[in-house]
Amino acid sequence: IPMGISGYNSLTFGGEFVGLENYRLTFGNYMFRLAVKNTFLFLGVSIPLNLLFSLGAALLLERNFAGNRFFRMAFLYPYVVPVAATVMAVKIFISDTGVLNTLLEQKDLPTQDWTRSSWAFLILVLLYLWKNMGYSMILLLSGLAMIPPEYEQMGRLDGCGKWNFFFYIKLPLLRQMLFFTALIALLNAFKCFRESFLIAGVHPHESIYMLQHYLTNNFNNMNYMKISVASTLLFLTILIVAGIAGRHFFLGERRKTRNERKKNSIRLH
């Protein structure tokens, strides 16, 4: 019902139906285009890096060694730390009077407000990776645990090297879990606005001005038409991406089940 009301408001102005006029005006707004560009740039950078680093960590922690459980907990711990505590720790290092600027002053090097500079985007990406990589790693570890160890033994007997085994056997079997992890990473990336808001406020550096900033600022101005347009577009974007990923995931599971049934029927015959 709230989404229906929001969609209706995006097509009206002052109670009158105006069609797509609000969408045209919104797309012509510079701040909206900047927010869309920054949001998709952040998603395009942070999600692949998250998958890459979490997959590497999962492959390292897949094997049993001393301290394995400690490292797993260490990677997962940032995910359960409250956002406010995380932001406070970050500010201790990168604020005007933080550790980093103090060290630079001691070396007679120039200091700056890091959250108000071009470094803000990199800080936000690193913060997202630090906070979410552990959870993605746990998901991928569960996917790796479902791969039978007999496959690796059979691959070694056939002369398959480690890299060939990874790219041609392990990675295809892990594909469904990678899609699921990417979907969770996408949803968590949209939540990263909390960190950006707490670090830089309502009016941050333009490199980290996200769609959520645009929504918040227009909500403070009581501009319901712009809020409705932006929220509807954001909802549709997440819905489409989640639908594509979910369709691929469930189709893959159906194909796998179908293939297993065929194998079982062949064995019975």
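Just so it is clear, the model here is predicted, and its values are computed rather than measured. Position labels on residues start from 1 in each chain and follow its written sequence. Since the coordinates come from a predicted model, pLDDT governs what is reported: local features require at least 70, and pairs of side-chain atoms require 80 or more to be given and counted, while whole-chain, interface and lining totals use all residues. Only hydrogens and water are set aside; all other atoms, that is, all heavy atoms of the structure, feed into the side-chain values.

**Q** Explain the side chain of His213 here, please?
**A** By definition, any uninterrupted DSSP run of H or I lasting at least four residues is a helix, any uninterrupted run of E lasting at least two residues is a strand, and each is numbered from the N terminus. By the element assignment, His213 lies in helix α12 (residues 211-220). Relative accessibility decides the category of a residue: with a 1.4 Å probe and only protein chains considered, values under 20% of the type maximum give buried, values over 50% give exposed, and everything between is partly exposed. Given a relative accessible area of 1%, His213 falls into the buried group. Once you skip the residues sitting within four places of it in the chain, His213 turns out to touch Phe193, Ser196, Phe197, Gly201, Val202, Pro204 and Ile208. Contact criterion: two residues are considered in contact whenever any of their non-hydrogen atoms come within 4.5 Å of each other.

**Q** How should the pattern of salt bridges be read in this particular structure?
**A** Throughout this description, the term salt bridge denotes a Lys or Arg side-chain nitrogen within 4 Å of a carboxyl oxygen of Asp or Glu. Enumeration over the complete set of coordinates arrives at 2 salt bridges. The shortest N-O distance in the salt bridge between Glu21 and Arg24 comes to 2.5 Å. Taken together, the positions of Glu21 and Arg24, both in helix α2 (residues 21-27) and 3 residues apart, correspond to about one turn of that helix. For Glu21, a relative accessible area of 33% translates into the label partly exposed.

**Q** I'm lost on the packing of aromatic side chains in this one. Help?
**A** Each aromatic ring pair is specified by the distance between its two centres and by the angle formed by the two planes. We call Phe, Tyr and Trp rings a pair once their centres come within 6.5 Å, taking the six-membered ring for Trp, and we label the pair stacked below 30 degrees between planes, edge-to-face above 60, and tilted otherwise. Applying the stated criterion across every chain, the model contains 8 aromatic pairs. A centroid spacing of 5.5 Å and a plane angle of 70° characterise the contact between Phe70 and Phe71, whose relative ring orientation is edge-to-face. Since its relative accessible area comes to 58%, Phe70 is described here as exposed. Taken together, a centroid distance of 4.6 Å and an interplanar angle of 10° make the contact between Tyr79 and Tyr135 stacked. Of this pair, Tyr79 sits in helix α4 (residues 68-80) while Tyr135 sits in helix α7 (residues 120-145), placing them 56 residues apart in sequence. Exposure remark for Tyr135: the relative accessible area of 27% places this residue in the partly exposed category. A network of ring pairs unites the aromatic residues Phe27, Phe32 and Tyr214 as a single cluster.

**Q** Can you walk me through the side chain of Ser54 in this structure?
**A** By the element assignment, Ser54 lies in helix α3 (residues 30-61). Take Ser54: its relative accessible area is 0%, and that puts it in the buried class. For Ser54, the side chain forms a polar contact with the main-chain oxygen of Leu51, separated by 3.2 Å. Among all residues touching Ser54, those that are not within four sequence positions of it are Met133, Ser136, Met137 and Leu140. Throughout this description, a polar contact denotes any pair of N or O atoms lying within 3.5 Å of each other; where both atoms belong to protein, one of them has to be capable of donating a hydrogen while the other can accept it, and for residues adjacent in sequence the pair is counted only when both atoms sit in side chains.

**Q** Would you mind showing me how to read the nonpolar core here?
**A** Generally speaking, a soluble globular protein has its nonpolar side chains buried in company with each other. Here, nonpolar core means buried Ala, Val, Leu, Ile, Met, Phe, Trp, Tyr and Cys residues that are tied together by side-chain atoms lying within 4.5 Å of each other. By size, the foremost hydrophobic cluster in this structure holds 28 residues, and its most contacted members are Phe42, Leu43, Ile47, Leu124, Tyr128, Ile208 and Tyr214. When residues of this core are traced back to their parent elements, those giving at least two are α3, α7, α10 (175-190), α12 and α13 (224-268). Looking at which element gives the most residues to this core, the answer is α3, with 7 residues. What Tyr214 contacts, discounting residues up to four positions off in sequence, is Thr26, Asn29, Met31, Phe32, Ala35, Tyr209, Lys226 and Ala230. Core analysis: the next-biggest nonpolar cluster, separate from the first, contains 15 residues, Leu55, Leu61, Met137 and Phe166 among them.

**Q** Please explain a nonpolar patch on the surface as it appears in this structure.
**A** Note that patches include only residues with greater than 30% relative accessible area and no salt bridge, and the join distances are 9 Å for like charges and 5 Å for nonpolar side chains (Val, Leu, Ile, Met, Phe, Trp, Tyr). Surface accessibility in these figures is a Shrake-Rupley result with a 1.4 Å probe; residues are shielded only by whichever protein chains are displayed. Together, Met3, Phe235, Leu236, Leu239, Ile240 and Ile244 make up a nonpolar patch on the protein surface, roughly 560 Å² of accessible area in all. With 5 residues, the single largest contributor to the nonpolar patch is α13. Residue placement: Leu236 occurs in helix α13. Classification of Leu236 as partly exposed rests on a relative accessible area of 39%.

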